[in-house]
2 protein chains.
Amino acid sequence: MSATFDFDLEWVIDAIEKRGAKKVGLQFPEGLKRFGPAIAKEIQERTGAISYISGNPCYGACDVDVILQTHVDVLFHFGHAHRSVDDVIFIETRSDVDIRPVMEQAVKILKGDVIGLITTVQHVHKLEEAHDILSRHGKTCIIGRVDSRLKYKGQVLGCNFSAAQVNADEFIYIGSGNFHPLGVTLATSKRVIIADPMSNEVRETNPEPILRQRHAIIARALDAETFGIIICTKSGQMRVDLADKLWKKARKKGLVAYLISMDEITPERLNSFKADAFVNTGCPRIAIDDVAMFKVPMLTPIEFEVVLGERGWDEIEFDEILGGCLFISTR
Amino acid sequence: MSATFDFDLEWVIDAIEKRGAKKVGLQFPEGLKRFGPAIAKEIQERTGAISYISGNPCYGACDVDVILQTHVDVLFHFGHAHRSVDDVIFIETRSDVDIRPVMEQAVKILKGDVIGLITTVQHVHKLEEAHDILSRHGKTCIIGRVDSRLKYKGQVLGCNFSAAQVNADEFIYIGSGNFHPLGVTLATSKRVIIADPMSNEVRETNPEPILRQRHAIIARALDAETFGIIICTKSGQMRVDLADKLWKKARKKGLVAYLISMDEITPERLNSFKADAFVNTGCPRIAIDDVAMFKVPMLTPIEFEVVLGERGWDEIEFDEILGGCLFISTR
């Protein structure tokens, strides 16, 4: 189906047959949605089950299509690592890209002796190989334990850097994009090297631009009088208690605040609401990735605490959605 | 709160107190969302209950925020007439605009003797007054019975014109916009006069442009080989059986078809899917109102039957979502 992604289709078909499922839901992240129709066709031809592909946006395992789920016998959620959700089967799609060339490059610019290794689920099966490469170069390698929201040692989410809570001199992040490794930089204050096996590019994170931008957003929000506090209803992002707490804090400070509950958080949807600033208790990436799209400041809960005067400017961190105790993955 | 809309706030507060509700959901259509924060504040101050305003788009009573509903003690859905949904209280917002001036104008251009009166819930409490005006001018006036999806005699939705199934010579539609009266024109082949009490404007519907446009869309879809058949998961729009039936029909004709399940249907969300044409079994207005925004033809189920050769070009109708037997409203 694709040279780069493995959809575990034999396993999926076997699971459908074992369950005798007649109606099957298929959910894909944006980059994999285009494979949906062909997978639906193959499932139909080989099992007779009818497939419904979710057309809603999907950005993570936190984003289960719970409405579709109620209308099918089984829902397969592709591309993200398992979380515990009843009747949802998470099918991880692993990249078969070779990480060795980019790791060999990354090793050359290391400064420390103890190196933390982190990645997303797409490359997590290559961490042992990365570990061996580092060891061959005389480095001590740590693949950190994760908390209960994650499945694999060394795995990070855009909102969970528990795997980086280790005593390393610096980190190598295997993957594309800047958001995850930037989060690790801000969470640990340590040097993070991005080793991108897709582009074969090695670079260091630079948290300065994003910190300056967040400071500017907070500064703009200091004059705000009315705050819209957003609860995201996506199944793994719903922090109602946190939102309620922030709402009460705002009111205590004499500010006007109200609570908005929604699934996708977009500038268009917020246009109907008047507020001088918004606070998003859902996905922490929204405030940061989409900063330019919002007309008024969009704060994370941590940044809102700075605005409220309850946290110092030097205590700004990435907002993380953390689970319970750290544990070592057993797989 | 507004000179034009009545939110029945005393009744809402009474209902919250009677139920002892601590968590209250508030849902508004787009045009009324801006009133949400003030209503939330008043509810909080007078009852102590905490309010959560739905930030999701809302276009009708078919569009209940079922996720928010699971997290509150009671959900108030403002601006649309009642449908039977557990634990949702529909608060109709009635316009107090005077319909007499525009009705007096409309009467002048009537040609027939028996006039059907239709409107949306916003003005439905004025139908008796409209009836009296017509009678004074010597007209026989019919306010049609509606099917089980509707609440009031003479009431229409954008997808339900059962109130127009009466033996009238022509119709007067009281309200703004063209969609509802155009639907009546196409459903009845009779003359429909729009009497807009907001702008005090009277005009006749002209179905020709929209019919030409729909013919062009169908013509473009005749060459399509791959169809995406969309199921909308909004609570009052979900027609899975219809979608399944269309999917089977397409496959019988040797076409490639697959099923997509989603809540909001937007061009951006469909960009991830490759299809030569889409068929929307959800809100019939999407295909028609948003025609220019979709890159490929977006068909209604009825139009898809024309493409499949199962219905003649002269049998094109507006897609209606109908309920059971016609009944006379008792309110």
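Residues numbered from 1 in each chain as written. Chains lettered and ligands numbered in written order. Predicted model: local features only at pLDDT ≥ 70, side-chain atom pairs only at ≥ 80, totals over all residues. Heavy atoms only, no water.

Novice: I'm lost on the relation of the copies chain B and chain A in this one. Help?
Specialist: What relates the pair of chain copies is a rotation about an axis plus a shift along that axis. The transform that puts chain B on chain A rotates by 180° and translates by 0.0 Å along the axis, for an RMSD of 0.0 Å. Here the copies are linked by what is in effect a two-fold axis. Across chain B, the smallest distance between a C-alpha and the rotation axis is recorded for I67 of chain B, namely 4.3 Å. Same-surface contact between copies: 100% of interface residues of chain B are shared with the interface of chain A. (Least-squares fit on C-alpha atoms with pLDDT ≥ 70 in both. Contact = heavy atoms within 4.5 Å.)

Novice: Looking at this structure, I do not really get the sheet that holds strand β8 (residues 140–142) of chain A. What am I missing?
Specialist: Paired through their backbone hydrogen bonds, the strands of a sheet run either parallel or antiparallel. Residue and element names in this part refer to chain A. Strands sit in the order β8-β7-β9-β10-β11 across an open sheet of 5 strands; the sheet is mixed. What marks the edges here is a single partner per strand, and that holds for β8 and β11 (201–204). Each neighbouring strand pair of the sheet contributes to a mean axis angle of 25°, computed without reference to strand direction. (Pairing = 2+ DSSP bridges. Helix = DSSP H or I, 4+ residues; strand = E, 2+ residues; numbered from the N terminus. Axes fitted to C-alpha atoms, helices over the stretch in contact; angles between N-to-C directions.)

Novice: Explain the side chain of Q155 of chain A here, please?
Specialist: Residue and element names in this part refer to chain A. Within the secondary structure layout, Q155 lies in the loop between β8 and β9 (170–174). A polar contact is formed between the side chain of Q155 and the backbone nitrogen of K151, at a distance of 3.0 Å. Apart from residues no more than four positions distant in its own chain, Q155 is found in contact with A81, T119, V121, V124, V146, L150 and A163. (Polar contact = N/O pair within 3.5 Å; in protein donor to acceptor, adjacent residues only side chain to side chain.)

Novice: Teacher, can you tell me more about the confidence of the model for chain A here?
Specialist: Detailed reading of the predicted coordinates is not advisable wherever pLDDT is low. Averaged over all residues, the pLDDT of chain A equals 91, while 96% of them reach at least 70. The ipTM for the predicted assembly is 0.87, set against a pTM of 0.88. (pLDDT = per-residue confidence, 0-100.)

Novice: Help me understand empty space enclosed by the protein in this model?
Specialist: One water molecule sets the probe size; rolling that probe over the atoms shows where empty space is left. Summed over the entire model, instances satisfying the criterion amount to 3 cavities of 30 Å³ or more. By volume, the largest cavity amounts to about 450 Å³. In terms of lining residues, the largest cavity is bounded by 28 residues, among which N56, I67 and D263 of chain A together with I67 and D263 of chain B are the most central. Contributions of two or more residues to the lining of the largest cavity are made by α3 (66–70) of chain A together with α3 (66–69) of chain B. The residue makeup of the lining of the largest cavity, split by class, is 8 nonpolar, 8 polar and 12 charged. Computed from the structure, the second largest cavity encloses a volume of approximately 60 Å³. As for the second largest cavity, its lining consists of L186, I210, L211, R214, I288, T300, E303, I316, E317, F318 and D319 of chain A. If you tally residues by element for the lining of the second largest cavity, the top one is helix α7 (residues 208–221) of chain A, at 3 residues. (1 Å grid on protein atoms, 1.4 Å probe; cavity = no way out; pocket = protein on both sides within 12 Å on 5 of 7 lines; lining within 4 Å. Points joined across faces, edges and corners; volume = space filled by probe spheres on them. Nonpolar A, V, L, I, M, F, W, Y, C, P; charged D, E, K, R; others polar.)

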